Amino acid sequence: MIEDDLRAAFARHEQLTPSTGPLRAAIDRLAATRRRRRQRFQAAGVALALLGALGVGVPQLRPDPPAEDPLLSGQPVGPPSQALNVLLLGVDGFGENPSYRLADSVLLLHVPADRSRPYLISLPRDLEVTVPGRGVDKLNSVFYSGASDSRPDLDAGYDLTRRVVTDLTGVRVDAGAVLTFSGLRRITDAVDGVQVCLPDEVRSWHTRRVFPAGCQQLDGAASVDLLRQRRHLPDGAIDRDRNAQRYVAGLIRRAVAQDVLSNPVRLTALLSVAGKNLTVDDDGLPVTRLVAVLPELRSVDPVGLSLPAGPSKGNASRLQLDPKQGAAFLAALREDRLAQWVEQHPEQVNRTR
């Protein structure tokens, strides 16, 4: 009798039960949005991994709130209207020997507002800079100062370096990446090697390997070996920065040729290669927006440049910003006039082919 009463009660109230259709549709939409968001973050991380390799995980991405990201909210995205700057740090031996926690490569990737082509700017590692709260030091030591706390990490070293670079250049750093040489080696092998074109022969101080003048295909180990070289090069560390730019150009061309940036499967595979040897900072610039800029570039071949600097007075191991050309260069960078500066100073361009 009780069972019959319950059935009768359910029958009377069944028509009052709201339809589950709208709730199910809402759940499906939320799941699809989260799935698309996760895929975009994965693709963005790989793109920054490729950029980070220029100087030289799973990236430690800080996702953007959906309401602030038009790509995630479904709202149309307008064309970018300003230049972008990405700070790239290459670190040798991080976590293996504390004395090696230096930023061997400090690069600023500048994407102009007209999206004509990227500019890859080497900031000399021996440049004398002012470190907030710590006095004057070399630029490459800033990373060590930031990372060498009780629990050293890539993020802390990057954060202090970004602050110093911002003060030095006067431009906003929109995003950045730190990649160890171990991560660079893995990424290079993952794309089956990178072609690097050298104007002159380079002999390795570490392995005695000879890198002949001309274009050559390098695997991960050879790439790291080349990027470590500065002894016996005519301009020392400055020549090493130029070789880093040549490596970058080869890596970008390789990624484009293999359709890496637009193939989700290849992007995801490459994302897992670097492991913990890569950290990514997207503070200020949603990573989805940064990746969306890539197809807008009329040319992906970067123009290699070096911040003009000269010997420091009384200290041969340090460099100072060139009082004339350095100031003019930074003014062109801040005002997004690097194309005009290059046209006026063609001798300052570092060839990457």
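Looking at an unreviewed UniProt entry, one finds the protein chain named Transcriptional attenuator, LytR family, with Micromonospora chokoriensis as its source organism. The UniProt entry for the protein chain carries the following text under Sequence similarities (unreviewed entry): "Belongs to the LytR/CpsA/Psr (LCP) family."

Counting 35 residues, the largest nonpolar core has L87, V106, I121, L139, F143, L305 and F329 as the members making the most contacts within it. The dominant element in this core, judged by the number of residues it contributes, is helix α5 (residues 154–169), at five residues. If you look at the next biggest cluster of nonpolar residues, it comprises 33 residues, including L109, L184, I187 and V224.

For the rest of this paragraph, the subject is helix α11 (residues 325–334). When we look at burial in α11, the residues that qualify are G326, F329, L330, A331, A332 and L333. One or two residues past the end of α11 sits D336, with phi positive at roughly 60°.

Before going further, it helps to examine the packing of helix α7 (residues 220–227) against helix α8 (residues 237–257). In the contact formed by α7 and α8, the axes pass within 9 Å of each other and the chain directions differ by 150°. Classified by the angle their axes make, α7 and α8 are roughly antiparallel. Touching S223, L226 and L227 of α7 are R240, N243, A244 and Y247, all from α8. Here the residues of the contact of α7 with α8 sort into four nonpolar, two polar and one charged.

As a further point, take the pairing of strand β6 (residues 175–180). With six of six residues buried, β6 is to be regarded as a mostly interior element. Side chains A175, A177 and L179 of β6 all project onto a buried face; the interleaved residues G176, V178 and T180 project onto the opposite face, where all are buried too. Relative to β6, strand β1 (residues 84–91) runs parallel, the two being bridged by six bridges. Within β6, the residue paired with L87 across the bridge is G176. Relative to strand β11 (residues 278–281), β6 is paired through four bridges, and the arrangement is antiparallel. From the neighbouring strand, L179 faces β11, where its bridge partner is L278.

Helix packing geometry: the angle between the two helix axes and the distance between the axes. Orientation of helix α6 (residues 181–190) relative to α7, taken along the N-to-C sense of each, is 135°, at an axis distance of 7 Å. Relative to α7, the element α6 is oriented oblique. Once α6 is placed against α7, the crossing between them reads as right-handed. Contacts between α6 and α7 involve F181, L184, R185, T188 and D189 from the first element and G220, A221, S223, V224 and L227 from the second. Grouping the amino acids of the contact of α6 with α7 by side-chain chemistry returns five nonpolar, three polar and two charged.

So, on to unusual backbone geometry. The phi angle of most residues is negative, glycine excepted, and most peptide bonds adopt the trans form. With phi around 70°, H232 is a residue other than glycine that occupies positive phi space. Counting through the fold element by element, H232 comes out in the loop between α7 and α8. Despite not being glycine, D336 has its phi angle at roughly 60°, a positive value. Here D336 shows up in the loop between α11 and α12 (338–344). Accessibility expressed as a relative area gives 27% for D336, which makes it partly exposed.

Along the chain, Q216 turns up in strand β10 (residues 214–218). According to the relative accessible area criterion, Q216 is buried, its value standing at 13%. From its side chain, Q216 meets the backbone oxygen of P212 in a polar contact 2.6 Å long. Within polar-contact distance, the side chain of Q216 engages the backbone oxygen of G214 at 3.0 Å.

Under the criterion given, the structure shown has one aromatic pair. A cation over a ring is seen here: R208 above W205, with NZ or CZ 5.5 Å from the ring centre.

Turning our eyes to something else, we now look at the confidence of the model for the protein chain. Looking at the protein chain, pLDDT values average 76 and 66% of them are 70 or higher. Across residues 33–80, where pLDDT falls below 50, the model places 120 contacts with residues more than four positions away in sequence or in other chains. Considering only residues more than four positions removed or in separate chains, one finds that residues 94–100, a stretch of pLDDT under 50, has 11 contacts.

Conventions we followed
- Residues numbered from 1 in each chain as written.
- Predicted model: local features only at pLDDT ≥ 70, side-chain atom pairs only at ≥ 80, totals over all residues.
- Heavy atoms only, no water.
- UniProt positions renumbered as here; feature names shortened; annotations may be inferred.
- Core = buried A, V, L, I, M, F, W, Y, C linked by side-chain atoms within 4.5 Å.
- Buried < 20%, exposed > 50% of the residue type's maximum accessible area, 1.4 Å probe, protein only.
- Helix = DSSP H or I, 4+ residues; strand = E, 2+ residues; numbered from the N terminus.
- Axes fitted to C-alpha atoms, helices over the stretch in contact; angles between N-to-C directions.
- Parallel < 35°, antiparallel > 145°, perpendicular 65-115°, else oblique.
- Contact = heavy atoms within 4.5 Å.
- Nonpolar A, V, L, I, M, F, W, Y, C, P; charged D, E, K, R; others polar.
- Pairing = 2+ DSSP bridges.
- Left-handed = near helix turned anticlockwise from the far one by under 90°.
- Polar contact = N/O pair within 3.5 Å; in protein donor to acceptor, adjacent residues only side chain to side chain.
- Phe/Tyr/Trp six-rings, centres within 6.5 Å; stacked < 30°, edge-to-face > 60°.
- Lys NZ or Arg CZ within 6 Å of the ring centre and 35° of its normal.
- pLDDT = per-residue confidence, 0-100.

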